[in-house]
Amino acid sequence: MANVTDLQTKYSKLAQEYSKLRAQNQVLKKGVVDEQANSASLKEQLKQRDQSLRKQEQEMDSLSFRNQQLAKRVELLQEELAASEAKGKKGKSKGDSPSQHGLQTQSVFDEDLQKKIEENERLHIQFYEADEQHKKTEAELRERLEKLDKDAEQHQAIVDGLTTKYAETIERLQSDKARLEVKAQTLEREAKECRMRTEDCQQQLRQCQSELNRQVKQSSSVIQEKVPFNDTKFSDYNSLNVPSHNRRHQLKARDVAGQAMSFIQDLVAALLNFHSYTEQRVHIYPLDSSIETISPLNQKFSQYLHENAAYVRPLEDSFLQLYQSITEDTVTVLETVVKLKNFADNFSSYTHFLQKILPYQLKSLEEECEAPLCTAALSAKNQELQSDIKRVTSVFEKLQNYINLLALPSVQQDAMPQSNTSAVFTQLAACLHSLHDAIKEMSKHYNQKAVIERELPTVTQKLCTTTECLLGSLGSLTSCTGKIATFFSNNLDFFTSSGYSPRGSTAALNPMQAESMLANKKKATAYIQAVKKAKPQSVPYREALSNRRILTSSTESREGLTQQVQQSQEKIARLEQEKEHWLLEAQLGKVRLEKENQRIAELEAQLAAALGGSPNSQTAAAGTLTRGPEEAAAELKAAGKEPTLCTSLVGMLCTTPTDEHVGDEESREQLIKSHYMARVGELTTQLQISDSKAVHFHSECRALAKRLAIAEKSRETFSEEVKLANQNITRLQDELATTKRSYEDQLSMMSDHLCSMNETLSKQREEIDTLKMGSKGNAKKNKGR
């Protein structure tokens, strides 16, 4: 799971970096488009300048040609003037009419020359003005060219920086891709191992099921025959219709309540953070309360949100009281859990609080949509958040109804049958899953909204920080609700099972029966303690607990232990048989020893009596002592005391009839009776131990079956997570390839554009150089003229 969470965090970071790069890419695209537009406008201006320059060159050529013509015309006129003056000198002698005609001709030439001179001066002025304008245009074009060179250098630097940056990003993404592929391969190997383990577990499960079925049949027969408590002293107690105290159920209920308590604490912390950060956001966006006054609607909404702790904290306190009321010495069913009503009331008050702030939340989102910088995408996300908030509130209302139904039997007896209780628990589990889905969807839409808000120009760092905190609280709320839903679904069998019910009935347990059960438990405890005092050879409670822990910890080697137990049982049975045999032998030997002691005492008495008589009798007594038992028996037979052979279940006993014959038989019967009573007590103890072991093995097999079911569920969840991880990996690989391809296309387009711009600039430089050379040549010609 840790690897999956790391992958998810890395995927979210990659997505954020990808969104940032996309935003930067859009800005660069916009800049490139603007520069292309500027370049196009500059090209148009350059074309216009070229056209005007060509026109001016044509005018200059026409003016220079006209100037040459006028110069030739002036030379011709000067030559004609000189010829006319020479002719005038020769014809001075003629009359007035020719002189007048020459004067008129000369005046015409003077006027014509004056006009040509003025025209030439005007043309010189125009040429000078055109030259100045050409120089000015050339200077402007040079400045523009220098500016374009600088811009081209800046764009080239930007392109180089982006190229290096994108190259680093591509390398990093490739390394991440390689790392993810390695992780995917490891996950695949783990999945294969999990499948192999699953197959092994299935085989073991089938074996365990067959073994469990056999043990269940054997245990059920043992339980039906041996387990019921039969009081031999007071037979009236055997007919009581009161269920027995289920300590295992109480421990399970305590454990489940402890887990639920930790989840409730996480839920309360997440809800407090969510409402607090929502209040901070209301004070910041769309109007900052530190700069200007927020709307009265948001003020009221902030006031309600400030009171959230008064509705959220009691949830944790009331559930803590409920958890403390569940102990090992109580009876935990819906009819006896009175503290559940307090939790239901507090949950109802929190649901009413959500209903109270619902219209203010919707109006606040509408006010954000009415902000001047709110885009269409942001308005759409706000509408989706409105629907998500409505859905979350409706799911909390459903949860309130189901919790109130579960708290009803503790207030009103026979309020709900067992079948309806199971249906309510099932619907409550489905409702918890719906709550998790709704909060997950709301967190998703809030993330998308936060991404859109970061692109706005007026977003402050304070708003970004508050939004990040709000997203963090939503993430913790999503995780907490998911854990609660999974926890409730996993323990649904425990919630729907009837831990206590009267014997021979399926009705629910009432408080009176619970009190009777606890009283019977106390009586049973006192009885067992009395039995322990009466039978000190029984196993102590602490030793039994230690044995139980040892057996619980050694469940993995159950088969080996079972074989060892079977071998030990066979050995114990064989030793018991030998023990019984030798006990009987010892008792018989003891009886024989007593008889022999009595016989020796009698013989000693006879010997003492004989010693008091004649020496012949003394010799006879000594002979009697030295003779064997066969001879003694023969004498006894001759004396009328014939030995008798007694047979019984214990064995055979050869006795000699004496005066104490009756007392010996009584002592023998007493010894046999005491032996059999001790043997019956040992067998009873062994039977009780076997019954307890059978019950313990039965419960252990049930626990193993449940653990196997939980392992199956976890395996399914892990396989789903592996599938999702593979899908995410393929999606990221596709996105990476698409991004790489788009970046390469953009870089190629930008390089082509820069090449075309460089060619254009080189052409412009060549044209400017040609224009400079042409203008210098024209200036030299004008100076030569």
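Right above here is the structure, for reference.
Keep in mind that this is a model prediction, so the values were computed, not measured. (Residues numbered from 1 in each chain as written. Predicted model: local features only at pLDDT ≥ 70, side-chain atom pairs only at ≥ 80, totals over all residues. Heavy atoms only, no water.)

Caption draft 1: Fine view of the overall build of the chain. Helix and strand content of the chain: 16 helices and two strands. A buried classification covers 28% of the 785 residues belonging to the chain. Total accessible area on the chain is roughly 50800 Å²; 54% of this is exposed by carbon and sulfur atoms. (Helix = DSSP H or I, 4+ residues; strand = E, 2+ residues; numbered from the N terminus. Buried < 20%, exposed > 50% of the residue type's maximum accessible area, 1.4 Å probe, protein only. Areas by Shrake-Rupley, 256 points an atom, 1.4 Å probe, with all protein chains shown as cover.)

Caption draft 2: Fine view of the environment of Thr332. Its place among the elements puts Thr332 in the loop between helix 5 (309-325) and helix 6 (339-369). Along the chain, Thr332 and His249 lie 83 residues apart, while their C-alpha atoms are 8.3 Å from each other.

Caption draft 3: Region of the structure containing the packing of aromatic side chains. Taken as a whole and assessed by the stated rule, the structure comprises nine aromatic pairs. Geometrically, the ring pair formed by Tyr304 and Tyr360 is edge-to-face, given 5.2 Å between the ring centres and 70 degrees between the ring planes. Taken together, the positions of Tyr304 in helix 4 (residues 296-306) and Tyr360 in helix 6 put the pair 56 residues apart, joining distant regions of the chain. Given the relative accessible area of 15%, Tyr304 is considered buried. One cation-aromatic arrangement involves Arg254 over Tyr323; the distance from NZ or CZ to the ring centre is 4.2 Å. (Phe/Tyr/Trp six-rings, centres within 6.5 Å; stacked < 30°, edge-to-face > 60°. Lys NZ or Arg CZ within 6 Å of the ring centre and 35° of its normal.)

Caption draft 4: Spatial organisation of empty space enclosed by the protein. Tallied over the entire structure, the rule returns 12 cavities of 30 Å³ or more. Lining the second largest cavity are 18 residues, and of these Leu14, Leu173, Leu732, Glu735 and Leu736 sit closest to its centre. Only helix 1 (2-90), helix 2 (96-226) and helix 16 (661-784) provide two or more residues apiece to the lining of the second largest cavity. Here the lining of the second largest cavity takes seven residues from helix 2, the largest share from any one element. Tallied by class, the residues present in the lining of the second largest cavity amount to nine nonpolar, three polar and six charged. (1 Å grid on protein atoms, 1.4 Å probe; cavity = no way out; pocket = protein on both sides within 12 Å on 5 of 7 lines; lining within 4 Å. Points joined across faces, edges and corners; volume = space filled by probe spheres on them. Nonpolar A, V, L, I, M, F, W, Y, C, P; charged D, E, K, R; others polar.)

Caption draft 5: Up close: the packing of helix 5 against helix 6. Following both chains from N to C, one finds helix 5 and helix 6 inclined at 165 degrees, their axes separated by 8 Å at the closest point. Regarding the angle of helix 5 to helix 6, the classification is roughly antiparallel. Crossing hand, helix 5 versus helix 6: left-handed. Residues Tyr311, Val312, Pro314, Leu315, Ser318, Phe319, Gln321, Leu322 and Ser325 of helix 5 form the contact with helix 6, whose own contacting residues are Lys339, Leu340, Asn342, Phe343, Asn346, Phe347, Ser349, Tyr350, Phe353 and Lys356. Across the contact of helix 5 with helix 6, the residue classes tally to 11 nonpolar, six polar and two charged. (Axes fitted to C-alpha atoms, helices over the stretch in contact; angles between N-to-C directions. Parallel < 35°, antiparallel > 145°, perpendicular 65-115°, else oblique. Left-handed = near helix turned anticlockwise from the far one by under 90°. Contact = heavy atoms within 4.5 Å.)

Caption draft 6: Expanded view of the pattern of salt bridges. Applying the stated rule across the entire model yields 17 salt bridges. With its nearest N and O atoms 3.5 Å apart, the salt bridge here joins Glu384 to Lys381. Within this pair, Glu384 and its partner Lys381 are both found in helix 7 (residues 376-407), separated by three residues, close to a single helical turn. For Lys381, a relative accessible area of 16% gives the class buried. Through salt bridges with shared partners, a single ionic network connects Arg281, Glu368, Lys449 and Glu453. (Salt bridge = Lys/Arg side-chain N within 4 Å of Asp/Glu carboxyl O.)

Caption draft 7: Representation of a positive patch on the surface. Together, Arg248, Lys252, Arg702 and Lys706 give the surface a local cluster of positive charge. For the positive patch, the elements supplying multiple residues, two or more each, are helix 3 (247-284) and helix 16. For Lys252, the position within the fold is in helix 3. (Patch = residues over 30% accessible without salt bridge, like charges linked within 9 Å, V, L, I, M, F, W, Y side chains within 5 Å. Lys, Arg positive; Asp, Glu negative; His and termini not counted. Charge placed at Lys NZ, Arg CZ, Asp CG, Glu CD.)

Caption draft 8: Broad picture of the environment of Ala377. Here Ala377 lies in helix 7. We classify Ala377 as partly exposed; its relative accessible area is 40%. Linking Ala377 and Ile452, residues 75 residues apart in sequence, is a C-alpha distance of 7.7 Å.

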